[in-house]
Amino acid sequence: MEELLKNHLFATHAIAAAGSVTLGTALTHPLDTLKTLIQVGTDPSKKLVVAQVLDRVRSLSGNLGLYSGFGWSTLGRISGLGARFGVYELLTAFYKDGREENYVYVSEALLAGIAAGSFEAFTSTPFELLKARAQVTSASCLPKSTSIATKQTATPAIARLLRGYTPDKKAWDLTVGLLSTLSSKHPNMVGALKEYPWMMTGSGKPPLAYEVKSSRDIISLEGWGGLWRSLRSGIVRDGIFGGVFFSTWQFLHIAMLDWKAIEMNPPPRSIEEIGPVSPLAASLAAGFSGSIAAASSHCFDTATSRSQCTVLPKYISMESKLMRWKKKGYWIEKVSGIHPSYRNVLFRGIGLRMARSGFASFAIVGSYFLAVDHLVPR
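Residues numbered from 1 in each chain as written. Predicted model: local features only at pLDDT ≥ 70, side-chain atom pairs only at ≥ 80, totals over all residues. Heavy atoms only, no water.

K.L.:
What am I meant to see in the overall build of the protein here?
P.N.:
Of the regular secondary structure elements, the protein holds 17 helices and zero strands. By residue count, 42% of the 378 residues in the protein fall in the buried class. Considering only residue pairs separated by 6 or more positions, the protein has 83% of its internal contacts joining residues 24 or more positions apart. Just so you have it, the protein exposes about 20900 Å², and 65% of that area is on carbon and sulfur atoms. (Helix = DSSP H or I, 4+ residues; strand = E, 2+ residues; numbered from the N terminus. Buried < 20%, exposed > 50% of the residue type's maximum accessible area, 1.4 Å probe, protein only. Contact = heavy atoms within 4.5 Å. Areas by Shrake-Rupley, 256 points an atom, 1.4 Å probe, with all protein chains shown as cover.)

Next up, the structure:
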């Protein structure tokens, strides 16, 4: 350990990894934005195409709208991939312990990848939620800001929960009039209703995702647990992605080593004698593995994106827990966090996600090898 720190190898590899992840995210973030908007904005009766979404983003936010949420995405990818590869390397080290050759079976890579991907979801979910809210904002028609006089009339509680709202006094008086006929043991029912600021907008519904996009607003309205919205479906998604990615990558790596060993004379007696594969071959294998893993886990990614863009105030979530509301759907949907209304749209945007994961994996692995080759002294 002292020798490692003295040579600055850990810092060099960490900088190379962070730089490669940033590069891969920058190259593929427009694809991720289009994918998220198609997943969130589509429904069974209305199927969005890439051209429609692209024109809407450009008309409302310009070309830079395709990079909305890029900062949150970069932070989430760096922390998530760091957790994924760190846990994977730790688990595979136990598999290889005591073996003569530095070898991992495909089944072992699958199990280690599932565990690594599940752990990744805990670290990257808050960043993904903020990124998704920012991406939805880039394709949303934002209402005009309210006047200063209107903002000054807001009570502290409402201003704290939902900033920038437009109160509708007529709708508010109608709501209070309807509820006043009911018997209530609450000492101050009108004051309690003011804790639900969307009641005063006249819609009777919680605010939309682009109205609650900052971390401050999310924590205030949805609670700290709102940052980990869709964690259940995210764990299933990242677990499947990690398992398929690492098992496919290991299978391709073994095939490339076998192909390389055929051309060697004399035949190698161990894997160490074969040597590593070329960086280009490793990058191509990573890109292919990323595309396959994205296709296998895409339905859970759609459920995650749609759930993250649904505002669920903490009062409603607390009520559902106290009243023990029964969740709808089949058993697998309840366990994985898929709402029954998502069934017919789970595979929307799968091509974009496969392309994004494939290109990102290829760029990350390739740029990492390139950076390490130039930064690490020989």
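K.L.:
What am I meant to see in the confidence of the model for the protein here?
P.N.:
If pLDDT is low for a region, its predicted coordinates should not be looked at in detail. Per-residue confidence for the protein averages 81 on the pLDDT scale, and 78% of its residues sit at or above 70. Residue range residues 145–154 is modelled with pLDDT below 50. Its contacts to residues more than four positions away, or to other chains, number seven contacts. (pLDDT = per-residue confidence, 0-100.)

K.L.:
Would you explain the packing of helix H11 (residues 231–262) against helix H14 (residues 298–308) in this entry?
P.N.:
For any two helices packed against each other, the geometry is given by the interaxial angle and the distance between the axes. Direction vectors running N to C along H11 and H14 enclose 150°, while the axes themselves pass 8 Å from each other. By the criterion of interaxial angle, the relationship of H11 to H14 is roughly antiparallel. In this structure, H11 crosses over H14, and the sense of that crossing is left-handed. Of the residues in H14, those touching H11 at Ser233, Gly234, Val236, Arg237 and Ile240 are Phe300, Asp301, Ala303 and Thr304. The residue makeup of the contact of H11 with H14, split by class, is four nonpolar, three polar and two charged. (Axes fitted to C-alpha atoms, helices over the stretch in contact; angles between N-to-C directions. Parallel < 35°, antiparallel > 145°, perpendicular 65-115°, else oblique. Left-handed = near helix turned anticlockwise from the far one by under 90°. Nonpolar A, V, L, I, M, F, W, Y, C, P; charged D, E, K, R; others polar.)

K.L.:
Please clarify how the nonpolar core should be interpreted in this entry.
P.N.:
Soluble, globular proteins show a tendency: their nonpolar side chains are buried together. Judged by nonpolar contacts, the single largest core of 22 residues is most densely connected at Tyr88, Phe245, Phe246 and Trp249. Only helix H4 (70–96), helix H5 (106–138), H11, helix H12 (271–274) and helix H13 (279–296) provide two or more residues apiece to this core. Tallying contributions element by element places H11 first for this core, with seven residues. With sequence-adjacent residues up to four places away left out, Tyr88 is seen in contact with Ala109, Ala112, Gly113, Ala116, Phe246 and Gln250. (Core = buried A, V, L, I, M, F, W, Y, C linked by side-chain atoms within 4.5 Å.)

K.L.:
Got a minute to help me understand the packing of aromatic side chains in this structure?
P.N.:
In this description, an aromatic ring pair is defined by two values, namely the gap between the centres and the angle between the planes. Inspection of every chain in the model, using the stated rule, returns 10 aromatic pairs. Taking the centre distance of 6.5 Å and the plane angle of 85° together, the rings of Phe85 and Trp249 count as edge-to-face. Residue Phe85 is found in helix H4, and its partner Trp249 is found in helix H11; the two are separated by 164 residues along the sequence. A relative accessible area of 19% means that Trp249 is categorised as buried. Seen from their ring centres, Phe241 and Phe245 are 6.1 Å apart, and the 5° between their planes marks the pair as stacked. Of the two residues, Phe241 and Phe245 both sit in helix H11, four residues apart, roughly one turn of that helix. Here Phe241 matches Phe245 in class, with each residue buried. (Phe/Tyr/Trp six-rings, centres within 6.5 Å; stacked < 30°, edge-to-face > 60°.)

K.L.:
Would you explain a nonpolar patch on the surface in this entry?
P.N.:
A grouping of Tyr330, Trp331, Ile332 and Val335 is seen on the molecular surface, where their side chains present a nonpolar patch of about 490 Å² in accessible area. Relative to the helices and strands, Trp331 resides in helix H16 (residues 331–336). The class of Trp331 is exposed, set by a relative accessible area of 64%. (Patch = residues over 30% accessible without salt bridge, like charges linked within 9 Å, V, L, I, M, F, W, Y side chains within 5 Å. Salt bridge = Lys/Arg side-chain N within 4 Å of Asp/Glu carboxyl O.)

K.L.:
Please clarify how the environment of Trp72 should be interpreted in this entry.
P.N.:
Along the chain, Trp72 turns up in helix H4. Its relative accessible area of 34% is what places Trp72 among the partly exposed residues. In this structure, the C-alpha to C-alpha distance between Trp72 and Leu129, residues 57 residues apart in sequence, is 8.8 Å. If we ignore the near neighbours within four places in the chain, the residues touching Trp72 are Phe127, Leu130 and Lys131.

K.L.:
What exactly am I supposed to notice about the pattern of salt bridges here?
P.N.:
Think of it this way: side chains of opposite charge can pair up when their charged atoms draw near. What the rule picks out here adds up to 12 salt bridges. Between Asp301 and Arg237 there is a salt bridge whose closest N-O contact spans 3.0 Å. Note that Asp301 is positioned in helix H14 and Arg237 in helix H11, a separation of 64 residues in sequence. The network of salt bridges with common partners includes Asp32, Lys35, Glu128, Lys131, Arg237, Asp238, Asp301, Arg353 and Arg356.

K.L.:
How should H4 be read in this particular structure?
P.N.:
Its 27 residues place the ends of H4 38 Å apart at the C-alpha level, agreeing with the 39 Å of an ideal helix rising 1.5 Å per residue. Among the residues of H4, Ser73, Thr74, Gly76, Arg77, Gly80, Leu81, Ala83, Arg84, Val87, Tyr88 and Thr92 are the ones counted as buried. Directly beyond the C-terminal end of H4, a positive phi value near 90° is found at Gly98. (Expected span 1.5 Å × (residues − 1).)

K.L.:
Would you explain the environment of Gly86 in this entry?
P.N.:
Among the secondary structure elements, Gly86 is positioned in helix H4. Residue classification places Gly86 among the partly exposed residues on the basis of a relative accessible area of 39%. Linking Gly86 and Ala116, residues 30 residues apart in sequence, is a C-alpha distance of 7.8 Å.

K.L.:
Please clarify how the packing of H4 against H11 should be interpreted in this entry.
P.N.:
Viewed as axis vectors pointing N to C, H4 and H11 meet at an angle of 60°, and their least axial separation amounts to 12 Å. As judged from the angle between their axes, H4 and H11 are oblique. Considering the relative orientation of H4 and H11, their crossing is right-handed. Residues Arg84, Phe85 and Tyr88 of H4 form the contact with H11, whose own contacting residues are Phe241, Phe245, Phe246, Trp249 and Gln250. Residue composition of the contact of H4 with H11, grouped by class: six nonpolar, one polar and one charged.

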